[in-house]
Amino acid sequence: TLPAEGTTVYTVTFNSNGGNDIAAQTVTANGTVTKPVDPEKEGFEFVGWFVGEEAYDFAAEVTADVILEAKWEEIVFYKVTFNSAGGNAVETQNVRKDKTAEKPMDPTRTGYTFVGWFAGEEAYDFATKVTANVVLTAKWTVDKSALQALVDIHKNKVQDNYTNESWSAFTI
């Protein structure tokens, strides 16, 4: 509908800055503009509509023609690489900036017990937001019972070549 004769109207224009087109709106003086559906732009996240450096308040009365500019933040992903240090392979994760990596299933390694994932010398906290590429390394402890079982299997084969004193060196 057209505004009544003599009514002041203003145009609110949306500059999506590379996003999909958003139609301009005509608003009567001291009326408010309807917030449109957020635009989309490949590789970016929509931050909001701005006038200069200030976020636009859609509850504010329109008192002049205005151009609203879309602000975007580039979507950045980082790699979280898992070095299983001799265990079974663990898939690398692509994690969005400021999000968290998912803790993978614990790797396995014959003769060892998995201790945890470490970034350098510190245990990695999977609640930590990822802000750069990171390599996590598995830490292991020797599973003495598994190694002792291996020694026991071969004990009869080689024990005849050692004295009782030297053989005790093979006991874990």
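For the structure, see preceding data.
A brief report on the enclosed structure follows. (Residues numbered from 1 in each chain as written. Predicted model: local features only at pLDDT ≥ 70, side-chain atom pairs only at ≥ 80, totals over all residues. Heavy atoms only, no water.)

Some points on the side chain of Gln-25
Logical step 1: With respect to the helices and strands, Gln-25 occurs in strand S2 (residues 25–28).
Logical step 2: Here Thr-34 takes part through its backbone oxygen, which lies 2.7 Å from a polar atom of the side chain of Gln-25.
Logical step 3: In contact with Gln-25, other than residues within four places in its own chain, are Tyr-10, Thr-11, Val-12, Phe-14, Val-33, Thr-34 and Pro-36. (Helix = DSSP H or I, 4+ residues; strand = E, 2+ residues; numbered from the N terminus. Polar contact = N/O pair within 3.5 Å; in protein donor to acceptor, adjacent residues only side chain to side chain. Contact = heavy atoms within 4.5 Å.)

Comments concerning unusual backbone geometry
Logical step 1: For Asn-17, which is not a glycine, the phi torsion comes out positive at approximately 50°.
Logical step 2: Positioned with a positive phi, Asn-30 is a non-glycine residue whose angle comes to about 65°.
Logical step 3: Structurally, the position occupied by Asn-30 is in the loop between S2 and strand S3 (44–51).
Logical step 4: Under the relative-accessibility criterion, Asn-30 is labelled partly exposed at 47%. (Buried < 20%, exposed > 50% of the residue type's maximum accessible area, 1.4 Å probe, protein only.)

A word on the sheet that holds strand S8 (residues 112–119)
Logical step 1: One open sheet holds the five strands; their spatial order is S7-S6-S10-S8-S9, and the pairing between them is mixed. The strands lining the two open edges of the sheet, one partner per strand, are strand S7 (93–96) and strand S9 (122–123). (Pairing = 2+ DSSP bridges.)

Things to note about the packing of aromatic side chains
Logical step 1: Within this structure, the stated rule accounts for eight aromatic pairs.
Logical step 2: Between the aromatic rings of Tyr-56 and Phe-58, the centroid separation amounts to 5.0 Å while the plane-to-plane angle is 85°, which identifies the pairing as edge-to-face. Across the pair, exposure class does not vary: Tyr-56 and Phe-58 are buried alike.
Logical step 3: Ring geometry for Phe-82 and Trp-117: centres 5.0 Å apart, planes at 70°, overall edge-to-face. Separated by 35 residues along the polypeptide, Phe-82 in strand S6 (residues 77–83) and Trp-117 in strand S8 bring together distant segments of the chain.
Logical step 4: Residue Phe-82 is classed as buried on the basis of its relative accessible area of 7%.
Logical step 5: Here a set of aromatic residues connected by ring pairs shows up, and it is made of Phe-14, Phe-46, Trp-49 and Trp-72.
Logical step 6: A cation sits over an aromatic face here: Lys-71 above Phe-50, 5.6 Å from the ring centre. (Phe/Tyr/Trp six-rings, centres within 6.5 Å; stacked < 30°, edge-to-face > 60°. Lys NZ or Arg CZ within 6 Å of the ring centre and 35° of its normal.)

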